[in-house]
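# Secondary and tertiary structure notes
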Amino acid sequence: MARTSPVRRRLIAGSLALPFVPLARVFAGNGCVAPVTNIIGPAYRKGAPFRTRLCAPDEPGTPLTMQGRIVDAATCKPLAAAVLDVWQVNEAGDYDMDSDAFRLRGKIKADALGRYAFDTIVPVPYGRRPKHIHYLVTQPGYESRITQVYFEGDDRNATDRYVKKELIIATTEHAGDPRTGARLGTLDVALERERPPEADSEHTYREYAGRYQFTPTILLAVTAQGRRLFWHADVHGDDDDGEPVDGEFMPRAKGRFFVPEYDFEVTFVRNEHGSVDHTLDSEGHLSKRID
Ligand code: FE
């Protein structure tokens with residue numbers, strides 16, 4: 001591969017951007033909080049700023065403070081370094097998909113006791129979906145949790161196929177909030193430790209094989225050969241310099257791989273049915289599986 005290839009530039013850029021962010025899979029826990037996953041949906045944007053207020057005090061809608069704890073699913077101990085990435089619609093039912101303001105989106109770092117809180121508004125329903133706020137929670141050494149919180153009293157909670165009862169909360173009056181009519185909601189989130197590569201790699205590697213839309217112009221083809229996993233990037237459009245690019249994934253943990261040539265990591269992400277349907281790279285990009 002030439003040094004100027006777009007994939008190399010992309011991978012190098014990724015390696016400088018963010019520490020590795022592991023991703024979730026469904027797994028039963030035995031701790032004080034059940035680990036409950038939910039779909040990520042199409043509205044995630046990476047790059048939201050760290051802040052505890054997702055909107056100005058005069059944002060149209062019912063004021064809401066969300067709070068809770070991030071804990072180890074096995075021990076119930078607080079995870080002090082956990083980072084939440086949250087996103088939701090505004091009073092008109094719209095996500096901010098492109099503005100630099102990242103309206104009603106933000107990252108929040110848990111405190112020393114694993115506690116978090118952020119100010120926002122109660123989201124409204126849109127389409128078939130009930131009111132919900134999306135969460136992506138990460139902690140080094142743990143599998144990230146993709147989930148959502150839903151709100152009691154929304155008729156669509158009974159008809160939307162993605163709603164899980166454990167994720168529906170009742171809000172209460174928030175007496176301490178100066179905003180008129182403010183509500184308070186609580187959602188605790190449990191994370192599970194990353195597990196090392198397992199003896200069943202030959203089976204699981206076959207599950208990862210497929211094609212993933214890495215960027216609009218780069219298609220990543222993943223193939224399994226026994227206990228080895230390989231990648232090949234097909235580059236199209238403006239980024240196409242005519243060079244096929246390929247290499248081998250080196251296992252770092254179950255579902256997480258290192259590409260040593262580029263100091264780059266990819267995690268295979270399972271959905272709520274246990275199927276591998278995305279990759280997450282070390283820059284925070286999600287790549288959707290297309291077949
Ligand atoms: Fe949504």
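Keep in mind the model is a prediction, meaning the values are calculated, not measured.

Parameters at a glance
Residues numbered from 1 in each chain as written. Predicted model: local features only at pLDDT ≥ 70, side-chain atom pairs only at ≥ 80, totals over all residues. Helix = DSSP H or I, 4+ residues; strand = E, 2+ residues; numbered from the N terminus. Contact = placed C-beta atoms within 7 Å. Buried ≥ 20, exposed ≤ 12 C-beta atoms within 10 Å, placed from the backbone. Pairing = 2+ DSSP bridges. Core = buried A, V, L, I, M, F, W, Y, C linked by C-beta atoms within 7 Å. Axes fitted to C-alpha atoms, helices over the stretch in contact; angles between N-to-C directions. pLDDT = per-residue confidence, 0-100.

### Comments concerning the overall build of the protein
Helix and strand content of the protein: two helices and 19 strands. For the protein, restricting intrachain contacts to residue pairs at least 6 apart in sequence, the fraction spanning at least 24 positions comes to 64%.

### Side note on unusual backbone geometry
For Cys-76, which is not glycine, the phi torsion reads 70° and is therefore positive. Backbone geometry places Phe-102, a non-glycine residue, at a positive phi of 45°. Mapping Phe-102 onto the fold places it in the loop between β2 (83–87) and β3 (105–109). For Phe-102, a count of 17 C-beta atoms within 10 Å gives the class partly exposed.

### A look at the environment of Ser-287
Position of Ser-287 relative to the elements: it lies in strand β19 (residues 286–289). Judged by the 19 C-beta atoms lying within 10 Å of it, Ser-287 falls in the partly exposed class. With 75 residues separating them along the chain, Ser-287 and Tyr-212 place their C-alpha atoms 5.8 Å apart. Those residues in contact with Ser-287 that lie beyond four places of it in its chain are Tyr-212, Gln-213, Phe-214, Leu-220, His-278 and Thr-279.

### Here we look at the pairing of strand β12 (residues 210–215)
Where β12 lies against strand β13 (residues 218–225), five bridges are found, and the strand directions are antiparallel. Paired with Gln-213 across the bridge in β13 is Leu-219. Between β12 and β13, which pair antiparallel in sequence order, lie two residues. Examined bridge by bridge, β12 and β19 share two bridges and lie antiparallel to one another. Bridge pairing in β19 links Tyr-212 to Arg-289.

### A closer look at the nonpolar core
In terms of nonpolar packing, the biggest core is built from 36 residues, with Ile-70, Ala-82, Leu-84, Tyr-135, Val-137, Val-189 and Leu-191 touching the most fellow members. Put simply, the parts of the chain that give this core at least two residues each are β1 (63–72), β2, β4 (115–121), β5 (132–138), β7 (145–151) and β11 (189–193). What Tyr-135 contacts, discounting residues up to four positions off in sequence, is Leu-84, Val-86, Thr-147, Gln-148, Val-149 and Val-189. One finds Leu-220, Phe-249, Phe-257 and Val-266 within the second-largest nonpolar core, a separate group that totals 18 residues.

### Comments concerning the sheet that holds strand β16 (residues 256–259)
On the basis of which strands lie adjacent, the closed barrel formed by eight strands has the order β12-β13-β14-β15-β16-β17-β18-β19 and antiparallel pairing. Each neighbouring strand pair of the sheet contributes to a mean axis angle of 30°, computed without reference to strand direction.

### Structural notes on the sheet that holds β2
Where strands meet in a sheet, backbone hydrogen bonds hold them as pairs that are either parallel or antiparallel. Read across the open sheet, the five strands follow the order β3-β2-β5-β7-β8; overall the sheet is mixed. Looking at the sheet topology across the chains shown, the edges are occupied by β3 and β8 (168–169). When β7 meets β8, the two strands line up parallel, connected through two bridges. Following the sheet pairing, Phe-151 is matched in β8 by Ile-169.

### Some points on the environment of Gly-127
Structurally, Gly-127 is set in the loop between β4 and β5. Along the backbone, Gly-127 and Arg-156 are 29 residues apart, and their C-alpha atoms lie at a distance of 9.6 Å.

### Remarks on the pairing of β5
Taking burial as the measure, the seven residues of β5 include seven buried ones, the bulk of the element. What you see with β5 is no split at all: His-132, His-134, Leu-136 and Thr-138 on one side and Ile-133, Tyr-135 and Val-137 on the other are buried throughout.

### Topic: the confidence of the model for the protein
Any residue range with low pLDDT should be treated as having predicted coordinates unsuitable for detailed reading. The pLDDT averaged across the protein works out to 84; a share of 85% of its residues lies at or above 70. Per-element mean pLDDT across the protein ranges from 40 in helix α1 (residues 6–17) up to 98 in β3. With pLDDT under 50 throughout, residues 1–6 is counted as low confidence; its partners more than four residues away or in other chains account for twelve contacts. In this model, residues 8–31 is a region of pLDDT below 50 whose contacts with residues beyond four sequence positions or in other chains number 68 contacts.

### A look at the environment of Glu-91
Secondary-structure assignment places Glu-91 in the loop between β2 and β3. Sequence separation between Glu-91 and Pro-125 is 34 residues, and the spatial gap between their C-alpha atoms is 9.1 Å. In contact with Glu-91, other than residues within four places in its own chain, are Pro-60, Gly-61, Ile-121 and Val-124.

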